[in-house]
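Structural overview
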Amino acid sequence: MAWLQDWLATSALASALKASATFYLFVNAAHILSIGMLFGAILALDLRLLGRAGQIPLAAVAPYLSKIAAIGLAAAVATGLCLFTVRPFEYAANPAFLAKLGLIALGLVNVAAVHFSRGWKAVRQGGAPDRALRLGATASILLWTAAVVAGRWIGFL
């Protein structure tokens, strides 16, 4: 793994980010915006699955918010990898960074469990969320919130 970290640390991308505070600023801002896009869409969907804003039809918003969250996730991963190249050895040893990655992994497992459930299929066809889907929404809120907190914690360790 050290060879990969060394390769990332000496990559042209890492050099460009280290050489230009402006480039780093824009990549960092893009990372924050993509996290906002991801978390905002997930939170809105999870709250709707939990019964908030009941007048909004789930069958219409669930696929849309899921796609927005997926785009936010892809952008967050891409920009996060860019930021990781600047200090890969430090980040890989940072407990908050490792916690963030673990929480993201758990969040993605939860996403898969929700999206492959019968309850999700029923919601997409106009049905009400079942108990398992509401439990998944609750877990989602907790996991993604914890991932955001862990991400903020990185800079304090």
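Above this text you will find the structure in question.
Residues numbered from 1 in each chain as written. Predicted model: local features only at pLDDT ≥ 70, side-chain atom pairs only at ≥ 80, totals over all residues. Heavy atoms only, no water.

**As for the overall build of the chain**
Basically, it comes down to this: Numbering of helices and strands runs from the N terminus, with a helix taken as a DSSP run of H or I at least four residues long and a strand as a DSSP run of E at least two residues long. A 1.4 Å probe rolled over the protein chains alone gives each residue an accessible area, and that area as a share of the maximum for its type sets the label: buried under 20%, exposed over 50%, partly exposed in between. Residue contacts are defined here by distance: any two heavy atoms, one from each residue, within 4.5 Å place the two residues in contact. In these tables, accessible area is a Shrake-Rupley quantity obtained with a 1.4 Å probe, and a residue counts as shielded only by the protein chains included in the view. Residues scored as positive are Lys and Arg, those scored as negative are Asp and Glu, and His as well as the terminal groups of each chain are ignored. The location of each charge is read from NZ of Lys, CZ of Arg, CG of Asp or CD of Glu.
When you go through the chain residue by residue, the secondary structure sums to eight helices and zero strands. From first element to last, N terminus to C terminus, the chain shows the α and β order α-α-α-α-α-α-α-α. By principal-axis analysis of the C-alpha atoms, the chain measures approximately 55 × 25 × 25 Å. Here the chain holds 157 residues, and the buried ones make up 36% of them. Partitioning the contacts of the chain with sequence separation of at least 6, the portion at a separation of at least 24 is 77%. Total accessible area on the chain is roughly 9100 Å²; 72% of this is exposed by carbon and sulfur atoms. Side chains of the chain give 12 positive and 4 negative charges; the mean places of these two sets differ by 13 Å.

**Description of the side chain of Thr85**
Locating Thr85 in the fold gives a position in the loop between helix H4 (58-84) and helix H5 (88-92). Filtering out sequence-adjacent residues up to four positions away, Thr85 remains in contact with Leu8, Ala9, Ser11, Leu13, Ala14 and Leu17.

**Description of helix H3 (residues 21-49)**
Note the following rule: In a helix, the anticipated span is given by 1.5 Å times the number of residues less one.
Taking 1.5 Å per residue, 29 residues should reach 42 Å; H3 reaches 42 Å between its end C-alpha atoms and fits that length. Within the span of H3, buried status applies to Val27, His31, Ser34, Leu38, Ala41, Ile42, Leu45, Asp46, Arg48 and Leu49. Of the residues one or two after H3, Gly51 is the one with positive phi, at around 105°.

**A look at the nonpolar core**
The test is simple: Put simply, buried Ala, Val, Leu, Ile, Met, Phe, Trp, Tyr and Cys residues joined by side-chain atoms within 4.5 Å make one nonpolar core.
Ranked by internal contacts, the top residues of the largest apolar core, which has 20 residues, are Leu45, Leu49, Leu58, Ala62, Trp120, Val123 and Leu133. Elements supplying a minimum of two residues to this core: H3, H4, helix H6 (95-115), helix H7 (118-124) and helix H8 (131-153). The residues contacting Leu45, other than those within four sequence positions of it, are Leu58, Ala62, Leu65, Ser66 and Trp120. Counting six residues, the second-largest nonpolar core is a separate cluster that includes Leu8, Phe84, Tyr91 and Ala96.

**Description of unusual backbone geometry**
In the Ramachandran plot, Ala53 falls in the positive-phi region, its phi being about 55° despite a non-glycine side chain. If you trace the backbone, Ala53 turns up in the loop between H3 and H4.

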